[in-house]
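Structure assessment
The chain contents come next:
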Amino acid sequence: MSVEHPFAKYVRVLGKGKNGSRSLTLDEARESMEMILNNKVEPEQLGAFLMLLRLKEETPDELAGFASAARSHSPPPEDLKVDIDWSTYAGKKRQLPWFLLAAFVLSENGFRIFMHGAKGHTEGRVYTEDALKLFNLSAANSWQDVSLQLDKCNFSYMPIEGISPVLARIINLRNILGLRSPVHTLCRLLNPLMANLTVDGVFHPPYAPIHQKTSQMLGTTNSITIRGDGGEAECKPDSDTEIHWIEQGELSLSTWPRLVKRRLVKPDHLVLTHLKAVWEGKDHDDYGEGAVISTLAAILKVLEAESLESYESIVKRAKSMWQNRNKHRF
């Protein structure tokens, strides 16, 4: 009689029928992810595991356990510190990645930003890593690269391959499985450098409170989960935006008001060079600049909570920072 594979019990927990299955405990989630990260799982098991999780939707306990395992598996240098962890895994298909300009403005104002993400998993989308090339910025290939980039310009982007090659490989299974797996959610919540503030985006509404509760379980002091454009952390300037907050450990939900009352026309197609032209002041874009200011303001609500009390004062501060950006920086 053959011996059961050690990972089989985790698949069984998730797939034992309508009445027999359940979610993983935090410990089970951590243990199962440790096996995955150490390549101790058969391909058939991995596919079944991921899709069973996807079918029922992940719980905060499961995601916190997965994230804890991933952090322990590939720990960064302990002395590498940042102010903001910003995840960007969805890609954009209707609008350009305007949130990137908001991150640049924050970095100019002294905030150290670590951005991480993935690209190429879904056809027809513009990814952050592709946009960086316009600004003469390159993706970091190691934690040493991250450190050097942060010291130089307060901004660094690392693809998920640099954080965890195994998680990167699983993300790229999207076209094989036909669905995104829970790893897309997991990677958004990694916060490998333990930043005081995390910024992430969701597309499907049920995932926002899951992100929020998981971040709290992982010890995040402040976080912003934006139901943003295309699933990225970017507020829409022409519609109210739902945001789940953690501020000094306290959870809340609010609707971030739109900047403009009328709907703005989306472009027929995306031209990446327009992004840099708007930064340089050579082009103007009502939607894009509104998205930058609104996203920037939402983040400033947390970063400068003591000095900015009203929505109007926060937006005024965001507009000033945008208008005073260094247009010749890149």
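Residues numbered from 1 in each chain as written. Predicted model: local features only at pLDDT ≥ 70, side-chain atom pairs only at ≥ 80, totals over all residues. Heavy atoms only, no water.

**Some points on the packing of aromatic side chains**
Basically, it comes down to this: Here is the rule: rings of Phe, Tyr and Trp (six-membered ring for Trp) pair when centre to centre is within 6.5 Å. Planes less than 30 degrees apart are stacked, more than 60 are edge-to-face, and the remainder are tilted. For the purposes of this entry, the term helix denotes a DSSP run of H or I that reaches at least four residues, the term strand denotes a run of E that reaches at least two, and both are numbered from the N terminus. Remark: exposure states derive from per-residue accessible area (1.4 Å probe, protein chains only) relative to the maximum for the residue type, with buried under 20%, exposed over 50%, and partly exposed in between. Definition used: whenever NZ (Lys) or CZ (Arg) falls within 6 Å of the ring centre and also within 35 degrees of the ring normal, the charge is taken to sit over that ring.
According to the stated counting rule, one finds 14 aromatic pairs in the structure shown. Ring plane angle 65° and centroid distance 5.0 Å describe the contact between F7 and F49, whose orientation is recorded as edge-to-face. Taken together, the residues span a long stretch of sequence, with F7 in the segment before α1 (8-15) and F49 in helix α4 (residues 43-56) at a distance of 42 residues. Just as F7 is buried, F49 falls in that class too. Ring plane angle 75° and centroid distance 5.0 Å describe the contact between F135 and F330, whose orientation is recorded as edge-to-face. Placement of F135 in the loop between α7 (128-132) and α8 (143-153) and of F330 in the segment after α16 (311-323) is noted, with a sequence separation of 195 residues between them. Of the residues examined, F135 reaches a relative accessible area of 1% and is grouped as buried. Ring pairs connect the aromatic residues F104, F135, F155, W279, W322 and F330, which therefore count as one cluster. Over the ring of W279 we find R325; its NZ or CZ atom is 5.8 Å from the centre of that ring. Sitting over the face of the ring of W322, R325 holds its NZ or CZ atom 3.6 Å from the ring centroid.

**Quick look at the pattern of salt bridges**
Keep this limit in mind: The salt bridge definition used is simple: a Lys or Arg side-chain nitrogen within 4 Å of an Asp or Glu carboxyl oxygen.
One pass over the full model with this rule turns up 15 salt bridges. Note that R112 is salt-bridged to D151, the shortest N-O span being 3.2 Å. Remark: D151 occurs in helix α8 and R112 occurs in the loop between α6 (99-108) and β2 (113-117); sequence separation between them is 39 residues. R317 is paired through a salt bridge with E304; the nearest N and O atoms lie 3.1 Å apart. Placement of the pair is R317 in helix α16 and E304 in the loop between α15 (286-303) and α16, with a sequence separation of 13 residues. Accessibility expressed as a relative area gives 16% for E304, which makes it buried.

**Overview of the side chain of T295**
The test is simple: Residues adjacent in sequence count toward polar contacts only when both atoms are side-chain atoms; beyond that, a polar contact is any pair of N or O atoms within 3.5 Å, and within protein one must be able to donate a hydrogen and the other to accept it. We call two residues in contact whenever any of their non-hydrogen atoms come within 4.5 Å of each other.
You can see T295 is positioned in helix α15. Only 2.9 Å separates the side chain of T295 from the backbone nitrogen of C235, close enough to count as a polar contact. In this structure, T295 is in contact with W86, A102, A233, E234 and C235, ignoring residues within four places of it in sequence.

**Points about the sheet that holds β2**
Rules: What makes two strands pair is DSSP finding at least two bridges between them. Axis lines are fitted through C-alpha atoms, for helices just across the contact stretch, and the angle between N-to-C directions can take any value from 0 to 180 degrees.
Strand order across the open sheet formed by seven strands is β3-β2-β1-β4-β5-β6-β7, with mixed pairing between neighbours. Because the sheet does not close on itself, it has two edges, and the strands there are β3 (155-159) and β7 (250-256). Between one strand axis and the next, the sheet turns by 15° as a mean value, whatever way the strands run.

**Things to note about the pairing of β7**
In this sheet, β7 lies alongside strand β6 (residues 241-247) in antiparallel orientation, the contact comprising seven bridges. Bridging across to β7, W245 finds its partner in S252. Between the end of β6 and the start of β7, which pair antiparallel, lie two residues, with Q248 showing a positive phi angle near 50°.

**Let's talk about the pairing of strand β1 (residues 84-88)**
Sheet faces and side chains relate simply in a regular strand, where the side chains alternate between the two faces. We count it as follows: A clockwise course of the path from the first strand over the helix to the second, judged with the strands pointing away from the viewer, identifies a crossover as right-handed.
A large share of β1 lies buried, amounting to five of its five residues. Residues I84, W86 and T88 line one face of β1 and the alternating positions D85 and S87 line the opposite face, and both faces are buried. Relative to β2, β1 runs parallel, the two being bridged by five bridges. From the neighbouring strand, S87 faces β2, where its bridge partner is H116. Once the chain exits β1 it traverses α6 before rejoining the sheet at β2, and the crossover so formed is right-handed. Strand direction decides the pairing type here: β1 and strand β4 (residues 197-201), joined by three bridges, are parallel. Along β4, the bridge assignment pairs I84 with L197.

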